[in-house]
Amino acid sequence: MAPDSSTDENVGLVSSSIRRPRSRISRVLLSILVLAMLACVVVIPLRRQSDSLSHYVVSPSPVGALIESRLTVLDEDSKSEGTISSSSSPASWLTSAVEDWMIDLPSSKSIAHVSIPGTHDSGARFGGVGCETQSWTIEKQLKAGIRFFDIRCRIAGTVFSIHHGPCFQEMFFGDVLIDVQDFLYAHPNEFVIMNIQEEHKPMSGSSSFSSIWSTYRSRFNSLFVDSRSSLPTVGQVRGKVLLISTLSLGKGIKWDSALTETQNIYKVYALLNDNPFGSSTASIGQKKTLVRSYIDKAASSSKLVLNFLSGAEGMIPKDVARSTNQNAYEHIGAYNGAKRVGVIIMDFPGEKLVYRVIKTNFEATEYCEPRTWRTQSGKTWAEFRMPRAVVGTSISIKGGAYYKYKFPKCHRATWTDLRFVCSSSSRTWEVASGSWDADAWCHNSNTNQDYLAVGVL
């Protein structure tokens, strides 16, 4: 029997009419499903991104304290060097801290109110234990913060040779002046006080002291402060040498009772109890008492207080220095704010003592170094950047977020209200309140704030 074409055709028509609606429904349902999935991706967080979250300090946070913005407060007690020099070069921690230590002294301040480390017989490095008083060259003393120099000149033909007693120090006065001139040229905010005095007997056939001095004065005229009858201010001597002498030099100031108060008992004996040999002699105990009393005197004096820690004759210079340098270090004491201690003039100055003298010039303000925290998602980041600031400073950042959409989802760094504090106990920035995180939301962008930076990875 032949097939019924009409029936097959009808069946086909029925089948077709049934399949078409199913196809349309499937397409519609699929479209709705895709749109819903995309909406979910965009609108709701699909997963926490703690695995890509960074919650760390980007920049280091060294502990520090500031003395009038330049000289960093160091704990000299913790240093291995002593109160007398133990090597031919000062320690790098000292030179890096004090090479320009005068830069923040007020220009209006009288030099009588500046605490100054100095050296006695500043060029004496040769001749044995009886002649040697220094370990560092003039150049190295300058880099170590020494600003008072005691220069002993022997008349030698037409020049001054540097001597301690009969011991020639393998240098001439011109060498000293060139070292000082070069240093002040490179560090124009510093100044130097220099005592010049005649030492030992003149070489036979030499010119007079005044004749030789006039030659040096002519050559280095601009280096020296002009003659004065009163003590200058810091600003009046920056970049120059203030001469102080009992000699008639025509420059600087006279070393006399009108402008200075001086302790220079230089004949020191280990076993003396009294002063049987006159006013220039003392036991080591008496010498230490004098040193302490002149440190105290400087606190209120309107004169330039010159306090020699040096001594010899009954003891070798280095043994005296071991005792008097440590004595001065202890009497000045650990740093507790600015105070005046005068000009401390030493044999074999040690790094600790030099630094302690310099530090007394400044009021300290403790501070925190800059510090940065960061939070980031897979594609965005936010940093909270704290500046250098004094302790007690508090900085707040309003809560917010920063996002970047990268198919198929958002990447957002987010934070609540934050408060950072420069801690007085740790002297570092700390998080006082608030938190930060990362997620996949695409809203609440809030980036226009101080101490906040954002970006895309």
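Every value quoted in this text rests on a predicted model; they were computed, and no experiment measured them. (Residues numbered from 1 in each chain as written. Predicted model: local features only at pLDDT ≥ 70, side-chain atom pairs only at ≥ 80, totals over all residues. Heavy atoms only, no water.)

Colleague: Looking at this structure, I do not really get the overall build of the protein chain. What am I missing?
Modeller: Looking only at helices and strands, one finds nine helices and 27 strands in the protein chain. Taken over 457 residues, the protein chain has a buried fraction of 46%. Across the protein chain, the fraction of contacts at a sequence separation of at least 24, relative to all contacts at a separation of at least 6, is 72%. Surface accessibility of the protein chain: about 21400 Å² in total, with carbon and sulfur atoms responsible for 52%. (Helix = DSSP H or I, 4+ residues; strand = E, 2+ residues; numbered from the N terminus. Buried < 20%, exposed > 50% of the residue type's maximum accessible area, 1.4 Å probe, protein only. Contact = heavy atoms within 4.5 Å. Areas by Shrake-Rupley, 256 points an atom, 1.4 Å probe, with all protein chains shown as cover.)

Colleague: It is not clear to me how unusual backbone geometry should be interpreted in this structure. Could you clarify?
Modeller: Trans peptide bonds make up the majority, and among non-glycine residues the majority have a negative phi. Pro-408 follows Phe-407 through a cis peptide bond whose omega is 10°. Mapped onto the elements of the fold, Pro-408 is located in the loop between strand E22 (400–406) and strand E23 (409–415). Positive phi values are uncommon outside glycine, yet Glu-313 reaches one of about 75°. By the secondary structure assignment, Glu-313 is in strand E15 (residues 312–313). Even without a glycine there, the phi angle at Tyr-451 is positive, about 65°. Mapped onto the secondary structure, Tyr-451 falls in the loop between strand E26 (436–439) and strand E27 (452–456).

Colleague: Would you take a moment to explain the state of the cysteines for this structure?
Modeller: A covalent bond between the sulfur atoms of two cysteines is referred to as a disulfide. For the structure on display, the rule yields three disulfides. Disulfide pairing is shown between Cys-131 and Cys-167; the S-S distance is 1.9 Å. Taking the sign of the S-S torsion, 55° for the link of Cys-131 and Cys-167, the bridge is right-handed. With Cys-131 in the loop between strand E4 (116–119) and helix H3 (138–143) and Cys-167 in strand E7 (residues 167–172), this residue pair connects regions lying 36 residues apart in the sequence. Residue classification places Cys-131 among the buried residues on the basis of a relative accessible area of 11%. Between the sulfur atoms of Cys-410 and its disulfide mate Cys-442 the distance is 1.1 Å. (Disulfide = S-S within 2.5 Å.)

Colleague: Any chance you could explain the packing of aromatic side chains here in plain terms?
Modeller: Here the distance between the centres and the angle between the planes together describe a pair of aromatic rings. As enumerated under the stated definition, the model contains 14 aromatic pairs in all. Note on Phe-384 and Trp-436: the rings are 5.0 Å apart at their centroids and 40° apart in plane angle, and the pair reads as tilted. Of this pair, Phe-384 sits in strand E19 (residues 380–386) while Trp-436 sits in strand E26, placing them 52 residues apart in sequence. Across the pair, Trp-436 and Phe-384 agree in class, each one buried. By the ring-pair criterion, three or more aromatic residues cluster together here, those being Phe-160, Phe-173, Phe-209, Trp-213, Tyr-216 and Phe-224. The ring centre of Tyr-329 lies 3.6 Å from the NZ or CZ of Arg-356, which sits over that ring. Sitting over the ring of Trp-381, Arg-374 keeps its end group 4.5 Å from the ring centre. (Phe/Tyr/Trp six-rings, centres within 6.5 Å; stacked < 30°, edge-to-face > 60°. Lys NZ or Arg CZ within 6 Å of the ring centre and 35° of its normal.)

Colleague: Sorry if this is basic, but what is going on with the pattern of salt bridges here?
Modeller: Close approach of charged atoms lets side chains of opposite charge pair. Within this structure, the stated rule accounts for 15 salt bridges. Across the pair Glu-199 and Arg-152 runs a salt bridge whose closest N-O atoms are separated by 3.3 Å. With Glu-199 in the loop between strand E8 (192–198) and helix H5 (209–219) and Arg-152 in strand E5 (residues 148–156), this pair connects stretches of sequence that are 47 residues apart. Note on Arg-152: relative accessible area 11%, which makes it buried. With a shortest N-O distance of 3.5 Å, Glu-369 and Arg-388 are connected by a salt bridge. Within this pair, whereas Glu-369 is found in the loop between strand E17 (364–368) and strand E18 (371–376), its partner Arg-388 is found in the loop between E19 and strand E20 (389–390), the two being separated by 19 residues in sequence. Classification of Glu-369 as buried rests on a relative accessible area of 17%. A relative accessible area of 44% means that Arg-388 is categorised as partly exposed. (Salt bridge = Lys/Arg side-chain N within 4 Å of Asp/Glu carboxyl O.)

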